[in-house]
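Chain by chain, the residues run as shown.
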Amino acid sequence: MTSSTQPAAVGTAPDVDLPHDAAVPRSAEPVLDGPRWLPSTITRTTYWLAIASLISEIGIIVTGGAVRLTKSGLGCPTWPKCTPESLTNTPEMGIHGIIEFGNRTLTFVLGFIALAMLLWVWRMRRSHPSLFWMSFGLLLGIPAQAVVGGITVLTQLNPWVVAGHFMVSATMVCVATLLVSRVGLEWRVRSESGTPPQPVDGPTTPLSRGLAWIVFISGWAAVYLGTVVTGTGPHGGDATAPRHDFDPLIVTRIHVVPVYIMVAAAVLLMIVVLRQDSSRGQRMSTVRVLMVVLFQGLIGYVQHFNGLPILLVLLHMLGAALIVWAMTNALDRQRSTYTARVAEAVEAGPEQMAQARA
Ligand code: HEM
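Basis of the calculations
Residues numbered from 1 in each chain as written. Predicted model: local features only at pLDDT ≥ 70, side-chain atom pairs only at ≥ 80, totals over all residues. Helix = DSSP H or I, 4+ residues; strand = E, 2+ residues; numbered from the N terminus. Buried ≥ 20, exposed ≤ 12 C-beta atoms within 10 Å, placed from the backbone. Contact = placed C-beta atoms within 7 Å. UniProt positions renumbered as here; feature names shortened; annotations may be inferred. Core = buried A, V, L, I, M, F, W, Y, C linked by C-beta atoms within 7 Å. Domains from an automatic or database assignment. Near = placed C-beta within 6 Å. Nonpolar A, V, L, I, M, F, W, Y, C, P; charged D, E, K, R; others polar. Axes fitted to C-alpha atoms, helices over the stretch in contact; angles between N-to-C directions. Parallel < 35°, antiparallel > 145°, perpendicular 65-115°, else oblique. Left-handed = near helix turned anticlockwise from the far one by under 90°. Expected span 1.5 Å × (residues − 1). pLDDT = per-residue confidence, 0-100.

(A) Layout of the overall build of the chain. Summing up its helical and strand segments, the chain has nine helices and zero strands in all. Listing each helix as α and each strand as β along the chain from the N terminus yields α-α-α-α-α-α-α-α-α. Within the chain, buried positions represent 42% of all 358 residues. Once local pairs closer than 6 in sequence are excluded, the contacts in the chain between residues at least 24 apart make up 80%.

This is the structure we're talking about:
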């Protein structure tokens, strides 16, 4: 049995690369539990896996967009197989088959990253449950997305289902953003003594917190209403795809209402945060969200007034993913209650395990 006053048993971590700081607060709880070949601390690899999760979640939004915009949504006409006879696309299916099947294959890349992420925090699941549950959620989201994607195909690209597919992906971007932030803090706490780092590392006020909420909520409203505009517009993913029976101009105007609210709240948030004694991270998060929303709004108008060229629409989808990332970060920097604590390099003995379960 190992106690928390003993030296860290980090020998099981294959890629520990930061010096362990004895001044970092340590818990008496047993926290390491699981196969010894898995890492026992947050390392640089854990951080890069979290970043890879975020990038892959944003990436799949863009590649999914490419499927829709090249009219390849029914490139594989059925699901889970590509055709009733074949698991993969066939040469006769042409470019649409390649694009749709390529996008389906990317699910495995996402799955691989999500599985690695979960394994990299597996042994710390008692001391860092939020890291574990976020990683678990990202992994679970992949089969969930595959099923929603399947329903999309089986409903011949019903626009409400396509919108649901997008919203699940956007939620995964939100979770991955928080995961990157948390893993980054946990990684830092291992090399810094003193106050454990927190996402809220400077003062906040009811006004700044309220504005961050308004940015976040109006951002989600803009994202959702955007999917309704898409469901009404010309890029349904296939020439035969059903469309909403709305007036495209009116739904676009409705889509833009939360955008204006978001821009106004983001400007005010930036002013408030720059005026109070905020940390660099807090300030950057507000500047970033404002920049991204302005960029996204600009693309939105240019695509709207130019007949929705597919490259701009694709850029608008990337912008939507970046909005989710930026607004989640800005809110996290104002509202989070998370505090990093070092992963205990303590092997759990049977007694400690029983205590932890009690
Ligand atoms: C915060 C800013 C904005 C966000 C987060 C946002 C988000 C979105 C999203 C998520 C979609 C749907 C993507 C999809 O389902 O594939 C979309 C579509 C669209 N957005 Fe925005 N948008 C923003 C600003 C604007 C602005 C200012 C306009 C200007 C008119 C605009 C015009 C459009 C149009 C026309 C579509 C439909 C494109 C299509 O038919 O595929 N957006 N937007």
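Don't stop here, the text continues.
(B) View of the UniProt feature "transmembrane region" (unreviewed entry) in the chain. With numbering matched to this structure, UniProt assigns "transmembrane region" (unreviewed entry) to residues 46–67, 101–122, 131–154, 160–180, 211–230, 250–274, 286–304 and 310–331. Along residues 101–122 one finds 100% helix and 0% strand; the C-alpha atoms at either end are 32 Å apart.

(C) Summary view of the nonpolar core. Core analysis: the biggest nonpolar cluster contains 72 residues, and Val215, Leu269, Ala321 and Val324 have the highest contact counts within it. Among the elements that line this core, the one with the most residues is helix H4 (residues 159–189), at 13 residues. Two domains each put at least three residues into this core: domain 1 (32–198 + 348–358) and domain 2 (199–337). Excluding anything up to four places from it in sequence, valine 215 contacts Met262, Ala265, Ala266, Leu269, Val289, Met327 and Ala330.

(D) A look at the site of the ligand. Close to the ligand lie 28 residues; Gly226, Thr230, Gly233, Gly300 and Ala320 are nearest. Of all elements in the fold, only helix H5 (206–232), helix H6 (248–275), helix H7 (280–305) and helix H8 (310–335) reach the threshold of two or more residues within the shell around the ligand. Top contributing element to the shell around the ligand by residue count: H7, with seven residues. Residue composition of the shell around the ligand, grouped by class: 14 nonpolar, 14 polar and no charged.

(E) Quick look at the packing of helix H1 (residues 44–69) against helix H2 (residues 94–122). In contact at an axis separation of 9 Å, H1 and H2 are set at 160° when each is read in the N-to-C sense. Classified by the angle between their axes, H1 and H2 sit roughly antiparallel to one another. Crossing of H1 against H2: the hand is left-handed. Residues Thr45, Thr46, Leu49, Ala50, Ala52, Ser53, Ser56, Ile60, Thr63, Gly64, Ala66 and Val67 of H1 form the contact with H2, whose participating residues are Ile99, Glu100, Asn103, Leu106, Val109, Leu110, Ile113, Ala114, Ala116, Met117, Trp120 and Val121. For the contact of H1 with H2, the class distribution of residues is 16 nonpolar, seven polar and one charged.

(F) Structural view of the environment of threonine 286. With respect to the helices, strands and loops of the structure, threonine 286 is situated in helix H7. Once the C-alpha coordinates of threonine 286 and arginine 333 are considered, the two residues, 47 residues apart in sequence, prove to be 9.1 Å apart. Excluding residues that lie within four positions of it along the chain, threonine 286 makes contacts with Leu269, Met270, Val273 and Ala330.

(G) Fine view of H6. Taking 1.5 Å as the rise per residue, H6 with 28 residues should run 40 Å; its terminal C-alpha atoms sit 41 Å apart, in good agreement. Among the residues of H6, His255, Pro258, Val259, Met262, Ala265, Ala266, Leu269, Met270, Val272 and Val273 are the ones counted as buried.

(H) Spatial organisation of the environment of methionine 93. One can find methionine 93 in the loop between H1 and H2. On the basis of neighbour counts, which here come to 20 C-beta atoms within 10 Å, the residue methionine 93 falls in the buried class.

(I) How the structure looks around the packing of H4 against H8. Contact geometry of H4 with H8 gives a least axis separation of 9 Å together with a crossing angle of 45°. In terms of orientation, H4 lies oblique with respect to H8. Of the two possible hands of crossing, H4 and H8 adopt the one that is right-handed. Within the contact between the two elements, H4 uses Ala170, Val173, Cys174, Thr177, Leu178 and Ser181 and H8 uses Ala321, Val324, Trp325, Thr328, Asn329 and Asp332. Its residues placed into classes, the contact of H4 with H8 shows seven nonpolar, four polar and one charged.

(J) Quick look at the confidence of the model for the chain. Looking at the chain as a whole, its pLDDT mean stands at 85, while 84% of the residues score no less than 70. In this model residues 1–30 is a low-confidence stretch, pLDDT under 50, and it forms 65 contacts with partners more than four residues away in sequence or in other chains. Low confidence marks residues 344–349, where pLDDT is under 50. Its contacts with residues over four positions away, or in another chain, come to 28 contacts.

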